[in-house]
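Each chain, letter by letter, is given below.
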Amino acid sequence: MGRLVAWFGSTLVLALPSWIFAETQVQGSPRVRGSSPAISQAIEQAFERSPTFRELLAAIEGTDGIVYVHHGECGRNVLACLLLTVTQAGPNRILHIRVDPRRRGHDLMVDIGHELRHAVELLNEPGIVDSNAAHNFYQRSAAIDRYYFETQEAIETELKIDKELRQWKKQR
Ligand SMILES: [Zn+2]
């Protein structure tokens, strides 16, 4: 259980911008952007169905963060991750989440929720403006090993969203 935050080193920053132009806007959440219609749809459905997911999006709307959610690999059989490649673009801090393209429907929504919780953790710290600061923050508070981090809050968020999505389905 648990999707982790991955640290790939600051060199990855250079590889990121090509994705940025492919994003599609998520309805009602200008600060969380899916890089494909499938991802944007998952975010919108989770927003409709899960109060906890709505709280996450509202929390991010109250920050200076923009979070891109992409299809991609995290390595080591991890299916979703928040990259610690925090960058600044004008007044905004830019974060990136990757989800395995095999994740769909319920699992995809739960994964994105888990990683959005990590995004909130970082965005709540105004001093985290680059990858080193992000890495140091998790190194202090949530280190598992050199590459991966986990927090109780993200695990709890994931479990809540999982439960709320199941309840939504039962009510249909
Ligand atoms: Zn995690």
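Scroll up for the structure.
Residues numbered from 1 in each chain as written. Predicted model: local features only at pLDDT ≥ 70, side-chain atom pairs only at ≥ 80, totals over all residues.

*Asks:* Describe helix α6 (residues 152-170), with residues and values.
*Replies:* Here α6 is 19 residues long and its end C-alpha atoms lie 27 Å apart, about the 27 Å a rise of 1.5 Å per residue gives. Buried within α6 are the following residues: Ala154, Thr157, Glu158, Ile161, Glu164 and Leu165. Viewed end-on, α6 has its buried residues packed into an arc of 135 degrees, placing them on one side of the element. Turned more than 90 degrees off the buried face of α6, the exposed positions are Gln152, Gln167 and Lys170. Lining the buried residues of α6 we find α2 (37-49), α3 (51-61) and α4 (105-123). (Helix = DSSP H or I, 4+ residues; strand = E, 2+ residues; numbered from the N terminus. Expected span 1.5 Å × (residues − 1). Buried ≥ 20, exposed ≤ 12 C-beta atoms within 10 Å, placed from the backbone. Arc of directions from axis to C-beta. Contact = placed C-beta atoms within 7 Å.)

*Asks:* Lay out the environment of Pro126 with the relevant residues and their values.
*Replies:* Inspection of the secondary structure assignment puts Pro126 in the loop between α4 and α5 (131-141). Residue Pro126 is classed as exposed on the basis of its C-beta count, with 9 C-beta atoms lying within 10 Å. Separated by 33 residues in sequence, Pro126 and Arg93 place their C-alpha atoms 9.6 Å apart.

*Asks:* Mind laying out α2, listing which residues take part and the relevant values?
*Replies:* Helix length check: α2, at 13 residues, gives a terminal C-alpha distance of 18 Å against a target of 18 Å (1.5 Å per residue), a fit within 8%. Within the span of α2, buried status applies to Ile39, Ser40, Ala42, Ile43, Ala46, Phe47 and Arg49.

*Asks:* Can you lay out the nonpolar core for me, pointing to particular residues and giving the numbers?
*Replies:* Residues Ile60, Val67, Val69, Ile112 and Ala119 are the most contacted members of the largest nonpolar core, which totals 40 residues. Of all the elements, α4 adds the most residues to this core, at 9 residues. Ignoring sequence-local partners within four residues, the contact set of Ala119 consists of Ile60, Gly65, Val67, Leu82, Leu95 and Ile97. (Core = buried A, V, L, I, M, F, W, Y, C linked by C-beta atoms within 7 Å.)

*Asks:* Any chance you could break down the pairing of strand β6 (residues 92-99) for me, citing the residues and the numbers?
*Replies:* In terms of burial, β6 is largely enclosed, as 6 of its 8 residues are buried. As defined by bridge partners, strand β4 (residues 65-71) adjoins β6 across 7 bridges and the pair is classed as parallel. Bridge pairing in β6 links Tyr68 to His96. Here strand β5 (residues 80-89) runs beside β6; their pairing, made up of 7 bridges, is antiparallel. Residue pairing for β6: Cys81 is matched across the bridge by Arg98. The antiparallel hairpin formed by β5 and β6 contains 2 residues in its connecting segment, where Gly90 sits at a positive phi of about 60 degrees. (Pairing = 2+ DSSP bridges.)

Interpretation note: all reported values are geometric properties and have no functional meaning in isolation.
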